[in-house]
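Inside the fold
Okay, here's what each chain looks like letter by letter:
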Amino acid sequence: MKNTFGNAISLTLFGESHGPQIGVVLDGLAPGMTVSKDRIREMLSLRRPSGQISTARVEADEFQIVSGVFEGKTTGTPLTILIPNTNTKSKDYSETRFLARPGHADYTAYQKYHGFEDYRGGGHFSGRLTAALVAAGGILMPALEQKGIRIGTHIKTLGGGSLIEDMAFSDEEEALLGQIEALAKSSFPVLDKTVEEKMKERILEAASDGDSVGGILETAAWGVPAGLGEPWFDTVEGALSHGLFAIPAVKGVEFGEAFQMVEARGSEYNDAFIGEGEKIRTRTNHNGGVNGGITNGMPIRFRTVIKPTPSIFKEQQTVDIRTGENKTLALKGRHDPAIIHRARIVVDSITAFVLADLLTMRYGTDFLAQ
């Protein structure tokens, strides 16, 4: 079971949803990076459930850094973060252990691990483990910010009916930076606050029906230098997609305006280059800051599809995975009617890791601490 990702920097994820703890190991970090526990707590709080639009399972996420940090600085050796699980109700899953939940990994996990997997709360496949990814992001995001790189994500589209749309990120770089900075302080990540209540109402409607909704997140990484990535098998899009598709519920990724380009000609979709003193930029950013798999110095822009939460309270058809007998499943327990608002900080964290890895590969191990 491969749970390690990265090249110059590696990230290893471990634990289960209802096990004693989950955690992450970061290896290959530069020695001397500043570690702020307050920043890690702040980022974890953006992932934590809140109110009726989220699950009732709320964990304190009182993490421990047990290696790799001394006197507030990284040592350069493996950095390990542990996060206890303290609010579990495993009995909610015992009655339906062998009933494969539609949209979940229960059946595929059983096929791969022959019934030895921890089934409680989704076990190792659970979105609970994204807390460890966010904790890792709490180490890397400040290091990127010291290099002038800012990352932000908002809910561009909420589904579950007629689409509710937030405004898009600005094409003006300074305005985009302001939007990213505003999102960092927002518990519900939208740019146009007039759509916030509409989105929350849609989520509550789905919850009252025992159902769920999904949508599309839009992410921007501002200040990324040109020249990161490789032209074939380690492209920037490939590296980011590799990390993003590890997030539970992610079903699609679009860079720039990829799906809109089919309506345009090359003369409309190409980004013309312009010189501004010593800086070269593009007049537009239809390609999302990447050409030939390599960053071109413009903001990296991509959108991520988050499917409706598969744990719903409506009766669903399923199968007993031991006998093959058709069954009807009625879930119990605590589940999110939507995870999209919580997933944005997970997307930010994965983006931060991938960019940190790419920067380290290009500029060397010590770059993030210089």
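The following paragraphs examine the structure supplied in this document. It should be emphasised that the depicted structure is a prediction, and the values quoted were computed from it without experimental measurement.

What counts, and at which threshold
Residues numbered from 1 in each chain as written. Predicted model: local features only at pLDDT ≥ 70, side-chain atom pairs only at ≥ 80, totals over all residues. Heavy atoms only, no water. Helix = DSSP H or I, 4+ residues; strand = E, 2+ residues; numbered from the N terminus. Rg over C-alpha atoms; globule rule 2.2 N^0.38 Å. Buried < 20%, exposed > 50% of the residue type's maximum accessible area, 1.4 Å probe, protein only. Contact = heavy atoms within 4.5 Å. Areas by Shrake-Rupley, 256 points an atom, 1.4 Å probe, with all protein chains shown as cover. Lys, Arg positive; Asp, Glu negative; His and termini not counted. Charge placed at Lys NZ, Arg CZ, Asp CG, Glu CD. Pairing = 2+ DSSP bridges. Axes fitted to C-alpha atoms, helices over the stretch in contact; angles between N-to-C directions. Expected span 1.5 Å × (residues − 1). Bend = angle between axes of the 7 residues up to and from the residue. Parallel < 35°, antiparallel > 145°, perpendicular 65-115°, else oblique. Left-handed = near helix turned anticlockwise from the far one by under 90°. Nonpolar A, V, L, I, M, F, W, Y, C, P; charged D, E, K, R; others polar. Salt bridge = Lys/Arg side-chain N within 4 Å of Asp/Glu carboxyl O. Core = buried A, V, L, I, M, F, W, Y, C linked by side-chain atoms within 4.5 Å. Phe/Tyr/Trp six-rings, centres within 6.5 Å; stacked < 30°, edge-to-face > 60°.

As for the overall build of the protein chain
Within the protein chain one finds nine helices and 18 strands. For 370 residues, the compact-globule formula gives about 21 Å, and the C-alpha radius of gyration of the protein chain, at 21 Å, lands near that figure. The C-alpha extent of the protein chain, read off along each of the three principal axes, is 70 × 50 × 35 Å. Counting the 370 residues in the protein chain, one finds 52% classified as buried. For the protein chain, long-range pairs separated by at least 24 residues make up 72% of all intrachain contacts whose partners lie at least 6 apart in sequence. Approximately 17400 Å² of the protein chain is accessible, and the part contributed by carbon and sulfur atoms is 51%. Taken together, the 39 basic and 46 acidic charged side chains of the protein chain have centroids lying 5 Å from each other.

Observations concerning the sheet that holds strand β9 (residues 164-165)
The strand order β9-β8-β10-β16-β11 describes an open sheet built from five strands, whose pairing is antiparallel. The sheet is open, and its two borders are formed by β9 and β11 (250-255), each paired with just one other strand. Two strands pair when backbone bridges link them, and β11 and strand β16 (residues 300-306) are joined in this way by five bridges, in the antiparallel orientation. What sits directly across from E254, in β16, is R303. In this fold helix α5 (residues 173-183) packs onto β8 (150-158) and β10 (215-222), with an angle of close to 80° to the strand it touches most, β8. Sheet strands touched by helix α6 (residues 196-208): β8 and β9. Its angle to β8, the strand with the most contacts, is close to 60°.

Observations concerning unusual backbone geometry
The backbone of D61 shows a phi angle near 55°, a positive value even though the residue is not glycine. With respect to the secondary-structure elements, D61 resides in the loop between α1 (37-47) and β4 (64-67). Judged by its relative accessible area of 5%, D61 falls in the buried class. Of note, the phi angle at H114 is positive, near 60°, even though the residue is not glycine. As for its position among the elements, H114 is in the loop between α3 (106-113) and α4 (130-146).

Topic: α4
Quick reminder: α-helices carry 3.6 residues per turn. Residues three or four places apart thus point the same way. An ideal rise of 1.5 Å per residue puts 24 Å on 17 residues; α4 measures up with 24 Å between its terminal C-alpha atoms. Its axis deflected by about 30° at G138, α4 carries its strongest bend there, up to four residues before the proline P142. Counting buried positions along α4 yields 15 of 17 residues, so the element is predominantly enclosed. Immediately downstream of α4, the backbone of G148 shows phi near 85°, a positive value.

Remarks on the packing of α4 against helix α9 (residues 340-363)
Running from N to C, α4 and α9 cross one another at 50°; their axes reach a closest spacing of 8 Å. By the angle between their directions, the pair α4 and α9 is classed as oblique. Seen from above, α4 lies across α9 with left-handed handedness. When α4 is examined against α9, the residues T130, L133, V134, G137, L140, M141 and L144 are found in contact with a partner set consisting of I345, V346, D348, S349, I350, A352, F353, L355, A356 and L359. For the contact of α4 with α9, a count of residues per class yields 13 nonpolar, three polar and one charged.

Considering the environment of F255
Tracing the chain through its elements places F255 in strand β11. Given the relative accessible area of 12%, F255 is considered buried. Sequence-wise, F255 and G288 are 33 residues apart; in three dimensions their C-alpha atoms are separated by 5.6 Å. Look past the residues within four positions of F255 in its chain and what remains in contact with it is E237, L240, S241, R301 and F302.

Overview of the pattern of salt bridges
The final tally for this structure, using the stated rule, is 18 salt bridges. The closest approach of N and O atoms between K327 and E325, which form a salt bridge, is 3.8 Å.

Some details on the nonpolar core
With 79 residues, the main nonpolar core has I81, I139, L144, L355 and L368 as its most contacted residues. If one sorts the elements of this core by residue count, α9 sits on top with 13 residues. The contacts of I81, once residues within four sequence positions are left out, are F14, I22, G23, V24, F63, Q64, I65, A135, A136 and I139. In this structure, F169, L177, I180 and L183 belong to the second largest nonpolar core, which totals eight residues.

Quick word on the sheet that holds strand β2 (residues 10-15)
With antiparallel pairing, the five strands of this open sheet are ordered in space as β1-β2-β3-β7-β4. The open sheet has two edge strands, β1 (4-6) and β4, and neither has a second partner. Averaged over all pairs of adjacent strands, the angle between strand axes in this sheet comes to 20°, irrespective of strand direction.

Some words on the environment of I83
Structurally, the position occupied by I83 is in strand β7 (residues 79-84). Considering only alpha carbons, one finds I83 and R362, 279 residues apart in sequence, at a separation of 32 Å. Sequence-distant contacts of I83, that is, excluding residues within four places in its chain, are made with Q21, I22, D61, F63, R128, A131, A132 and A135.

Some words on the packing of aromatic side chains
The description of an aromatic ring pair uses the distance of the two centres, along with the angle that the planes make with each other. Within the structure shown, the criterion is met by four aromatic pairs. Here Y113 and F125 contribute two aromatic rings whose centre-to-centre distance is 6.4 Å and whose plane-to-plane angle is 55°, an arrangement assigned as tilted. With Y113 in helix α3 and F125 in the loop between α3 and α4, this pair connects stretches of sequence that are 12 residues apart. By relative accessible area, F125 is classed as partly exposed at 37%.

Any link to function would need more than the numbers given here.
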